[in-house]
Amino acid sequence: MALLTGTERPTPGVLEVITGPMFSGKSEELIRRLKRARIARQRVGCFKPDIDLRYHRTAIASHSEQTHEAAVVTPDAERLRELLFADGLVDAIEVVGLDEVQFFDEAIVPLSLELVGLGKRVILAGLDTTFANEPFGPVPALMALADRVTKLNAVCMVCGQPAIHTQRLGQSRELVVVGAAGLYEARCRAHFQPYVEEPAEQMELPKVLAHA
Ligand SMILES: [Zn+2]
């Protein structure tokens, strides 16, 4: 029986996903892990999509004001791949951090696995559901394929219980409105109301049918 010895083991990459609603401390946890990796003298590359306008242009920021330098990229996995592989950047980093991963297209999934295949530790943070309570973009697939998933809870702003939902408070239908204070808050299952389309057009429908 051939047991693996230390020398025969490949350097394993690992995929870590940090998820949960807004205000659950995802960015804070990502920053914590990246800072620890740097203390361990690992070379860290951190990225975030330029869609996230809150607080800092060139750093990821948590609601608790922890920050970590981040390269701002467009939420396009192919372009991120070009950036990583173009100048051998990928060879210079051991840990890849990516915040707001929910805004990336599905191609972020094979890219993440490719990086893991190269022996990288890939740490992704992002929302698991939209304000309409639908799984958010590539996050469900990334959660399924990860070595480690950390699903954080926030605190319900109505009752104080653990919250898994992001409640949309305003009227905007824009999915991509990030971090604007007062637009969102965390809610538990009991107090969450999924955002639904304005009923105005639907209310017209019976009238139309009546005349048909
Ligand atoms: Zn509640």
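Per-chain numbering applies: the sequence of each chain, read as written, is numbered from 1 onward. Whole-chain, interface and lining totals are the exception, using all residues; otherwise, since this is a predicted model, local features are given only for residues with pLDDT of at least 70 and side-chain atom pairs are given and counted only at 80 or more.

### Regarding the overall build of the protein chain
Within the protein chain, the secondary structure is distributed over 6 helices and 12 strands. Exposed residues have 12 or fewer other C-beta atoms within 10 Å of their own C-beta, buried residues have 20 or more, and partly exposed residues fall in between, where C-beta atoms are placed from the backbone. Within the span of the protein chain, comprising 212 residues, buried residues form 37% of the whole. For helices the rule is a DSSP run of H or I covering at least 4 residues; for strands it is a run of E covering at least 2, with both sets numbered from the N terminus onward.

### Thoughts on the nonpolar core
In globular proteins that are soluble, nonpolar side chains generally tend to be buried together. To define a nonpolar core, we join buried Ala, Val, Leu, Ile, Met, Phe, Trp, Tyr and Cys residues through C-beta atoms within 7 Å and take the resulting set. Ranked by size, the top nonpolar core spans 42 residues in total, and within it Val101, Val122, Leu124 and Leu142 carry the most contacts. Other than its neighbours up to four places away in sequence, Leu142 contacts Val17, Val101, Val109, Ser112 and Leu124. For every residue pair, C-beta atoms are placed from the backbone, and the pair is scored as a contact if these atoms sit within 7 Å.

### What about helix H2 (residues 77-86)?
Of the positions making up H2, those classed as buried are Ala77, Leu80 and Leu84. Projected down its long axis, H2 shows its buried positions confined to an angular sector of 60 degrees, all on one face. Exposed residues lying more than 90 degrees from the buried face of H2 are Glu78, Arg79, Glu82 and Ala86. Count one or two residues on from H2 and you reach Gly88, which has phi positive near 70 degrees. Here the arc refers to the directions that run from the helix axis out to each C-beta atom.

### Considerations on the sheet that holds strand S2 (residues 44-49)
At least two bridges found by DSSP between two strands are what make those strands a pair. Ordered by their spatial adjacency, 6 strands build an open sheet running S5-S2-S6-S7-S1-S8, and the pairing between neighbours is parallel. What marks the edges here is a single partner per strand, and that holds for strand S5 (71-73) and strand S8 (148-151). The average undirected angle you get between the axes of adjacent strands in this sheet is 20 degrees. The pairing of strand S1 (residues 14-20) with S8 spans 4 bridges and is classified as parallel. Counted as the bridge partner of Glu16 is Arg148 from S8. All axes are obtained by fitting lines to C-alpha atoms, using only the stretch in contact for helices, and the reported angles, taken between N-to-C directions, cover 0 to 180 degrees.

### Focus on the pairing of strand S11 (residues 165-168)
Neither face of S11 is left uncovered, since the one carrying His165 and Gln167 and the one carrying Thr166 and Arg168 both have all their residues buried. Across 4 bridges, the pairing between S11 and strand S12 (residues 184-187) is antiparallel. Each bridged residue has a counterpart across the sheet, and for Arg168 the counterpart in S12 is Tyr184.

### Quick look at the confidence of the model for the protein chain
With 75% of its residues at a pLDDT of 70 or more, the protein chain has an overall mean of 85. The pLDDT value expresses, per residue, how confident the predictor is, ranging between 0 and 100. Scored below 50 in pLDDT, residues 200-212 makes 0 contacts in the model with residues more than four places away or belonging to other chains.

### Here's the deal with the environment of His165
Along the chain, the position of His165 falls in strand S11. Along the backbone, His165 and Ala132 are 33 residues apart, and their C-alpha atoms lie at a distance of 9.5 Å. For His165, the residues in contact, after removing those within four places along its chain, are Pro21, Thr129, Asn133, Ala186, Arg187, Arg189 and Phe192.

### What about helix H4 (residues 108-117)?
One full turn of an α-helix is made of 3.6 residues, so residues set three or four places apart face in the same direction. Residues of H4 that are buried include every one of Ile108, Val109, Leu111, Ser112, Leu115 and Val116, and no others. In an axial view of H4, the angular spread of the buried residues amounts to 165 degrees, which keeps them on one side of the axis. Those residues of H4 that are buried lie in contact with S1, H2, strand S6 (95-98), strand S7 (121-127) and helix H5 (139-145). Remark: Gly119 follows H4 within two positions and exhibits a positive phi of approximately 90 degrees.

### Some details on unusual backbone geometry
Excluding glycine, most residues fall at negative phi; most peptide bonds, likewise, are trans. Positive phi outside glycine occurs at Phe23, with the angle close to 65 degrees. Note on placement: Phe23 falls in the loop between S1 and helix H1 (26-39). Even without glycine at this site, Arg41 takes up a positive phi of about 60 degrees. Relative to the helices and strands, Arg41 is located in the loop between H1 and S2. Owing to 7 C-beta atoms within 10 Å, Arg41 belongs among the exposed residues under this scheme.

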